Amino acid sequence: MTDAKVIPFDDDRARRRGRGVGRPASGSAAPATEPAPDRREPGPEVVAPRGAPGPDGDADRDAGIGGRGSEPGVLDRLLGDGWDRRAAHGLSFLRRRLTGDYPVDDFGYDADLTEQVLMSLLRPVYEKYFRVDVRGVEHLPEAGAALVVANHSGTLPWDGLMLQVAVHDHHPADRHLRLLAADLVFALPVVGELARKAGHTLACAQDAQQLLSRGELVGVMPEGFKGIGKPFADRYKLQRFGRGGFVSTALRAGAPIVPCSIVGAEEIYPMVGNAKTLARLLGVPYFPLTPTFPWLGPLGAVPLPTKWTIQFGEPIPTDGYAPEAADDPMLMFNLTDQVRETIQRTLYHLLVQRRSVFF
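For the structure given in this document, a descriptive report is provided here. Keep in mind that this is a model prediction, so the values were computed, not measured.

Considering the pairing of strand β5 (residues 217-220)
When a strand is regular, its side chains alternate between the sheet's two faces.
Logical step 1: Side chains Leu217 and Gly219 project from β5 onto one buried face, and the interleaved Val218 and Val220 project onto a second face that is buried too.
Logical step 2: Sheet topology note: the strand β2 (residues 146-150)/β5 ladder contains four bridges and is parallel. Bridging across to β5, Val148 finds its partner in Gly219.
Logical step 3: Sheet analysis places strand β3 (residues 177-181) next to β5, joined by three bridges and oriented parallel.

Considering a nonpolar patch on the surface
Logical step 1: Residues Trp295, Leu296, Leu299 and Val302 make up a contiguous nonpolar surface patch of about 460 Å² in total accessible area.
Logical step 2: Relative to the elements of secondary structure, Leu296 occurs in the loop between β8 (288-289) and β9 (309-312).
Logical step 3: Using a relative accessible area of 48% as the deciding quantity, one classes Leu296 as partly exposed.

Some words on helix α5 (residues 158-170)
Logical step 1: Here α5 is 13 residues long and its end C-alpha atoms lie 18 Å apart, about the 18 Å a rise of 1.5 Å per residue gives.
Logical step 2: Of all the residues in α5, the buried ones are Asp159, Gly160, Met162, Leu163, Gln164, Val165, Ala166, Val167 and His168.

Considering the sheet that holds β3
Logical step 1: The sheet built from seven strands is open, its strands ordered β1-β9-β6-β2-β5-β3-β4 with mixed pairing. The open sheet has two free edges, formed respectively by β1 (133-135) and β4 (201-202), since each of these has just one partner strand.
Logical step 2: Looking at chain direction, β2 and strand β6 (residues 257-263) are connected through four bridges and run parallel. Along β6, the bridge assignment pairs Leu147 with Ile257.
Logical step 3: Taken strand by strand, helix α10 (residues 245-253) contacts β2, β5 and β6, and its axis lies near 165 degrees from that of β2.

Some points on helix α3 (residues 83-99)
Side chains three or four residues apart in an α-helix point the same way, a direct result of the helix having 3.6 residues per turn.
Logical step 1: Taking 1.5 Å per residue as the helical rise, α3 with its 17 residues ought to reach 24 Å, and the 24 Å between its terminal C-alpha atoms agrees with that figure.
Logical step 2: In the stretch just after α3, Gly100 is the one whose phi turns positive, near 75 degrees.

Brief notes about the nonpolar core
Logical step 1: With 30 residues, the main nonpolar core has Val149, Phe246 and Val339 as its most contacted residues.
Logical step 2: Of all the secondary-structure elements, those providing two or more residues to this core are β2, α8 (205-213), β5, α10, β6 and α12 (329-353).
Logical step 3: Among the elements that take part in this core, α12 stands out by supplying seven residues, more than any other.
Logical step 4: Beyond its immediate chain neighbours, meaning those up to four positions away, Val339 contacts Val149, Phe241, Phe246, Ile257 and Ile316.
Logical step 5: Grouped together as the second largest cluster of nonpolar side chains are 29 residues, Met162, Val167, Leu217 and Cys260 included.

A few points about the environment of Glu193
Logical step 1: By the element assignment, Glu193 lies in helix α7 (residues 191-197).
Logical step 2: Along the chain, Glu193 and Tyr109 lie 84 residues apart, while their C-alpha atoms are 9.9 Å from each other.

Structural notes on the pattern of salt bridges
Logical step 1: Evaluation of the coordinates by the stated rule reveals 13 salt bridges.
Logical step 2: Here Glu266 ties to Lys230 by a salt bridge, and the two come within 2.9 Å at their closest N and O atoms. In this pair, Glu266 sits in the loop between β6 and β7 (273-274) while Lys230 sits in the loop between α9 (225-228) and α10, placing the two residues 36 residues apart along the sequence.
Logical step 3: A salt bridge links Arg340 to Glu341; the shortest N-O distance between them is 3.8 Å.
Logical step 4: By relative accessible area, Glu341 is classed as partly exposed at 37%.
Logical step 5: A single salt-bridge network, built from bridges that share partners, covers Arg96, Arg97, Asp110 and Asp112.

Some remarks on the environment of Lys230
Logical step 1: Its relative accessible area of 8% is what places Lys230 among the buried residues.
Logical step 2: The spacing of Lys230 and Pro270 is 40 residues in sequence and 9.8 Å in space, taken between C-alpha atoms.
Logical step 3: Other than its neighbours up to four places away in sequence, Lys230 contacts His152, Ser153, Glu223, Arg235, Tyr236, Lys237, Gln239, Glu266 and Met271.
Logical step 4: Among the polar contacts made by the side chain of Lys230, one reaches the main-chain carbonyl oxygen of Gly227 at a distance of 3.1 Å.
Logical step 5: In terms of polar contacts, Lys230 uses its side chain to reach the side chain of Glu266, at 2.9 Å.

Some thoughts on the packing of α8 against α10
Logical step 1: One way to put it is that α8 packs onto α10 with a least axis distance of 10 Å and a crossing angle of 35 degrees. Handedness of the α8/α10 crossing: right-handed. Between α8 and α10, the contacting residues are Ala205, Ala208, Gln209 and Leu212 on the first element and Thr249, Ala250, Arg252 and Ala253 on the second.
Logical step 2: Residues of the contact of α8 with α10, tallied by class, amount to five nonpolar, two polar and one charged.

Conventions adopted
- Residues numbered from 1 in each chain as written.
- Predicted model: local features only at pLDDT ≥ 70, side-chain atom pairs only at ≥ 80, totals over all residues.
- Heavy atoms only, no water.
- Buried < 20%, exposed > 50% of the residue type's maximum accessible area, 1.4 Å probe, protein only.
- Helix = DSSP H or I, 4+ residues; strand = E, 2+ residues; numbered from the N terminus.
- Pairing = 2+ DSSP bridges.
- Patch = residues over 30% accessible without salt bridge, like charges linked within 9 Å, V, L, I, M, F, W, Y side chains within 5 Å.
- Areas by Shrake-Rupley, 256 points an atom, 1.4 Å probe, with all protein chains shown as cover.
- Salt bridge = Lys/Arg side-chain N within 4 Å of Asp/Glu carboxyl O.
- Expected span 1.5 Å × (residues − 1).
- Contact = heavy atoms within 4.5 Å.
- Axes fitted to C-alpha atoms, helices over the stretch in contact; angles between N-to-C directions.
- Core = buried A, V, L, I, M, F, W, Y, C linked by side-chain atoms within 4.5 Å.
- Polar contact = N/O pair within 3.5 Å; in protein donor to acceptor, adjacent residues only side chain to side chain.
- Left-handed = near helix turned anticlockwise from the far one by under 90°.
- Nonpolar A, V, L, I, M, F, W, Y, C, P; charged D, E, K, R; others polar.

Just distances and angles here, no functional claims.
The following block contains the structure:
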């Protein structure tokens, strides 16, 4: 018997002929053998690319554009979670504006525009720029009328706007603050119209009385232009509270008075001077001169990013007085002085606690 010649097996040649390693040739019977164990080192787990067909052949079931599966989709990553709800909400708002299907009261208050647009524009300034810290919001009533009395400062009335956002966003009953503003606000183009739509009205006893009789939450800043236009050297020193007309209004309505102290607004535009001649020419109460305005032009109108605190004090009840008490000048003087002293004392207390103007 002759010795069999051993021919080495060429893997590459077998693959080129369609015969992989361990695969018998066509038409031949090969013994059934167990496959050799895989001795390769374990590699990283292979994950199918996003959008590739899965075991059931559905490529986009878990990776759809809208991101309805376990991972966010393309639009979710670009626009953020809940973009579809926001888009539907925005389209619904546009439909209401185009069709006129939104309520406006006899003062011009447009709740739909205020909620969807004005508050959305003011909220980033409130939360990110001034970083307002609100305290004592539980002193505001859940329902019914109340008069919020606050100090006024800052050269421009940012404090009134931030106070409005504070009540809107932090009150558990989602109440809206109806601010009383000076005549000059409503004489300005665009600004006056927006103020009306935001729920502001004239700072007069008749409008305030009507709002309180409806059970509204009304805000007033009795210092007026004397407070907002005072020099930086007099910061956090309350000016005279008018003639106490807000107390008379609260007494007639039987509404509690809620003192409110605002710290942080005094430093947004440090008013170091007042161009009185120019103010008279322009017909405004004062023309502020600050370290940045008017020297830097429009850039000087940007407020400094101070850290704010708004604190609501305990309400002062007025429903225990007789109806004729609103005409008692001595009582009005005493209540006015009580409210003013409460706000001033709280301002000093907050200033002692404050570590920095900006942080």
